[in-house]
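Listed here are the chains, written in short residue letters.
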Amino acid sequence: MSNYTVHPTAIVDDGAQIGENSRVWHWAHICGQAIIGRDCSFGQNVFVGNKVVIGDNVKVQNNVSVYDNVTLENDVFCGPSMVFTNVYNPRSAVSRKDEYRNTLVKRGATLGANCTIVCGNTVGEYAFIGSGAVVNRDVPAYALMVGVPARQIGWMSEHGERLDLPLTGNGEVRCPATGTLYRLENNICTKAE
């Protein structure tokens with residue numbers, strides 16, 4: 001008896017490891033070597049490949065394909081129809097399965113609807129990728145990224161609020177929603193302990 005929920009139209013291949021209280025919704029497909037944590041949600045028409053590791057409390061919205069060599073840490077949000085890749089220079093006539101590039105999305109990051117994360121990059125903790133952005137380089141923790149290609153326009157709190165900090169340099173500010181202190185030092189944003 002499984003300790004997770006699978007809609008009758010979904011396919012979960014034998015061998016897939018899915019944590020308790022996770023939910024797999026309509027017409028989703030989870031491949032047999034995928035490793036998925038607890039309390040996750042996979043929306044309609046989601047695909048999760050074999051060489052995929054997904055942490056706890058990850059939300060993958062409708063129409064997202066999480067391809068091989070993608071790792072999503074705990075509390076990641078993947079917005080509707082956002083895109084991962086795993087081959088940098090695909091050609092239909094050239095097999096490049098031995099050239100997959102790793103993509104890492106760190107804890108708490110938000111990937112907005114219709115954004116694209118080009119393979120081989122890391123999205124930092126609690127970064128916020130705006131809808132439709134195309135990420136083609138590493139993203140710092142807490143960075144707010146928009147545009148094509150994505151560029152940083154600010155900083156975001158763990159609560160998902162924009163922080164009144166300069167893009168570079170130094171500063172301190174409290175999250176307007178929670179009062180948590182954030183510090184920018186030498187262009188690196190951290191939550192103050």
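An account of the accompanying structure is given in this report. Just so we're clear, the structure is a prediction, and the values are computed from it rather than from any experiment.

Across the sheet, 4 strands lie side by side as β2-β5-β8-β11; this open sheet has parallel pairing. With one partner strand each, in any of the chains shown, β2 (11-12) and β11 (65-66) form the two edges of the open sheet. Pairing geometry for strand β8 (residues 47-48) and β11, over 2 bridges, is parallel. Looking across to β11, one finds that phenylalanine 47 is bridged to serine 65.

Another aspect to go through is the packing of aromatic side chains. For the structure on display, the rule yields 3 aromatic pairs. Ring centres of phenylalanine 47 and tyrosine 67 lie 6.2 Å apart, and the angle between their planes is 50 degrees; on these two criteria the pair is classed as tilted. Taken together, the positions of phenylalanine 47 in strand β8 and tyrosine 67 in the loop between β11 and β12 (70-72) put the pair 20 residues apart, joining distant regions of the chain. With a relative accessible area of 24%, phenylalanine 47 lands in the partly exposed category. Residue classification places tyrosine 67 among the partly exposed residues on the basis of a relative accessible area of 34%. Aromatic side chains tyrosine 142 and tyrosine 182 sit 5.5 Å apart centroid to centroid with 70 degrees between the ring planes, which places their arrangement in the edge-to-face category. Of this pair, tyrosine 142 sits in the loop between β20 (134-135) and β21 (143-146) while tyrosine 182 is found in strand β25 (residues 181-185), placing the two residues 40 residues apart along the sequence.

Attention now moves to the side chain of arginine 96. Looking at the element boundaries, arginine 96 is found in the loop between β14 (83-84) and β15 (103-105). Here arginine 96 falls in the buried class, since its relative accessible area comes to 17%. Leave out the neighbours within four places in its chain, and arginine 96 touches Val87, Asn89, Pro90 and Arg91.

The omega angle of the peptide bond from valine 148 to proline 149 is -10 degrees, so this bond is cis rather than trans. On the secondary structure map, proline 149 appears in the loop between β21 and β22 (151-156). Positive phi is not limited to glycine here, since asparagine 63 has a value of about 65 degrees. Relative to the assigned elements, asparagine 63 resides in the loop between β10 (59-60) and β11.

What counts and how
- Residues numbered from 1 in each chain as written.
- Predicted model: local features only at pLDDT ≥ 70, side-chain atom pairs only at ≥ 80, totals over all residues.
- Heavy atoms only, no water.
- Pairing = 2+ DSSP bridges.
- Helix = DSSP H or I, 4+ residues; strand = E, 2+ residues; numbered from the N terminus.
- Phe/Tyr/Trp six-rings, centres within 6.5 Å; stacked < 30°, edge-to-face > 60°.
- Buried < 20%, exposed > 50% of the residue type's maximum accessible area, 1.4 Å probe, protein only.
- Contact = heavy atoms within 4.5 Å.

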